[in-house]
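Here's the letter readout for the chains.
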Amino acid sequence: MKILTKESREIIESSIRDIPDFPKKGIIFKDITTILNNPTALKTLMNHLEERYREYNLDYVAGIDARGFIFGSILADRLNIGFVPVRKKGKLPYTTVCEKYEMEYGFDEVEVHIDAFPKENARVLLIDDLIATGGTAKAGVSLIKKVGANCVEACFILELDFLNGKDGIDTEVYSVIHID
């Protein structure tokens with residue numbers, strides 16, 4: 001199992017911007033869009049994820065709306081496998097399966113197409129930019145299982161450890177960067 005080197009961690013961490021009082025007062029938002037506009041940080045991150053997941057024999061990467069789409073589709077391309085979007089309710093055009101979840105600021109729902117993973121017993125990696133309380137991740141893992149696939153791991157670029165969001169997620173969890 002590949003872990004991030006100290007040098008790579010510093011490159012990625014130094015490119016993350018803190019936004020105070022967003023989306024509401026008292027929250028310090030971790031802005032990863034600054035990873036995306038920093039070619040060195042993005043390449044460092046994606047090289048690490050590709051190296052880590054190359055030997056997992058994955059069939060698909062499922063990315064959570066919206067920033068998980070970015071990292072997930074890049075990783076799926078690098079691994080030469082399919083990408084599946086886990087979208088907010090009402091955004092997918094075909095028959096879907098939906099999961100409601102609680103988040104830091106209220107409730108929401110995500111969904112996938114009922115035929116999102118056409119390969120039988122597909123091995124899926126779920127990816128998103130951040131895990132806070134874990135509601136979205138739990139819903140994503142549940143959706144993957146509901147449509148007959150196997151979520152082998154949930155991956156996050158950032159984990160807010162103090163919120164214990166990975167507790168109760170029904171799969172292995174890997175976070176690139178941990179924030180206490």
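Structure: above.
Keep in mind that this is a model prediction, so the values were computed, not measured.

Before going further, it helps to spend a moment on the environment of threonine 5. Of note, threonine 5 is situated in the segment before α1 (6-13). Taking the C-alpha atoms as reference points, threonine 5 and alanine 139, separated by 134 residues in sequence, lie 31 Å from one another. Polar contacts involving the side chain of threonine 5 include one to the side chain of serine 8, which spans 2.9 Å.

All right, on to the nonpolar core then. Counting 31 residues, the largest nonpolar core has Ile35, Leu45, Leu49, Tyr53 and Leu75 as the members making the most contacts within it. Within the residue set of this core, elements represented by two or more residues are α3 (39-53), α4 (67-79), β7 (123-131), β8 (150-160) and β9 (172-179). Apart from residues no more than four positions distant in its own chain, tyrosine 53 is found in contact with Leu58, Leu75, Leu79, Leu125, Glu153, Cys155 and Tyr174.

Turning our eyes to something else, we now look at the packing of α3 against α4. For the pair α3 and α4, interaxial distance at closest approach is 10 Å and the crossing angle is 55 degrees. Between α3 and α4, the angle falls in the class oblique. Here the hand of the crossing between α3 and α4 comes out right-handed. Contacts between α3 and α4 involve Leu42, Lys43, Leu45, Met46, Asn47, Leu49, Glu50 and Tyr53 from the former and Phe71, Ile74, Leu75, Arg78 and Leu79 from the latter. The class makeup of the residues in the contact of α3 with α4 is 9 nonpolar, 1 polar and 3 charged.

The omega torsion of the bond from phenylalanine 22 to proline 23 falls at 5 degrees, within 30 degrees of zero and hence cis. Relative to the assigned elements, proline 23 resides in the loop between β1 (17-20) and β2 (28-31). The backbone of asparagine 57 shows a phi angle near 55 degrees, a positive value even though the residue is not glycine. Mapped onto the fold, asparagine 57 is located in the loop between α3 and β3 (60-64). With phi around 55 degrees, asparagine 121 is a residue other than glycine that occupies positive phi space. Positionally, asparagine 121 belongs in the loop between β6 (106-113) and β7.

Here we take up the pattern of salt bridges. The full count for this structure, using the stated rule, is 11 salt bridges. Measuring nitrogen to oxygen at the nearest pair gives 3.0 Å for the salt bridge that ties arginine 78 to glutamate 50. With arginine 78 in helix α4 and glutamate 50 in helix α3, the pair connects residues that are 28 residues apart, well separated along the chain. We classify arginine 78 as partly exposed; its relative accessible area is 25%. Note that glutamate 99 and lysine 146 form a salt bridge whose closest N and O atoms lie 2.5 Å from each other.

What follows is about the side chain of threonine 44. Among the secondary structure elements, threonine 44 is positioned in helix α3. Setting aside anything within four residues of it in sequence, one finds threonine 44 in contact with Ser8, Ile11 and Ile12.

Quick look at α3 now. A rise of 1.5 Å per residue sets the reference length of α3, with its 15 residues, at 21 Å; its end C-alpha atoms lie 21 Å apart and thus fit the reference within 8%. When α3 is considered as a whole, its buried residues turn out to be Ala41, Leu42, Thr44, Leu45, Met46, His48, Leu49, Glu50, Arg52 and Tyr53. Capping of α3 at its N-terminal end is provided by asparagine 38; its side-chain oxygen lies 3.1 Å from the backbone amide nitrogen of threonine 40.

Cut-offs and rules
Residues numbered from 1 in each chain as written. Predicted model: local features only at pLDDT ≥ 70, side-chain atom pairs only at ≥ 80, totals over all residues. Heavy atoms only, no water. Helix = DSSP H or I, 4+ residues; strand = E, 2+ residues; numbered from the N terminus. Polar contact = N/O pair within 3.5 Å; in protein donor to acceptor, adjacent residues only side chain to side chain. Core = buried A, V, L, I, M, F, W, Y, C linked by side-chain atoms within 4.5 Å. Buried < 20%, exposed > 50% of the residue type's maximum accessible area, 1.4 Å probe, protein only. Contact = heavy atoms within 4.5 Å. Axes fitted to C-alpha atoms, helices over the stretch in contact; angles between N-to-C directions. Parallel < 35°, antiparallel > 145°, perpendicular 65-115°, else oblique. Left-handed = near helix turned anticlockwise from the far one by under 90°. Nonpolar A, V, L, I, M, F, W, Y, C, P; charged D, E, K, R; others polar. Salt bridge = Lys/Arg side-chain N within 4 Å of Asp/Glu carboxyl O. Expected span 1.5 Å × (residues − 1).

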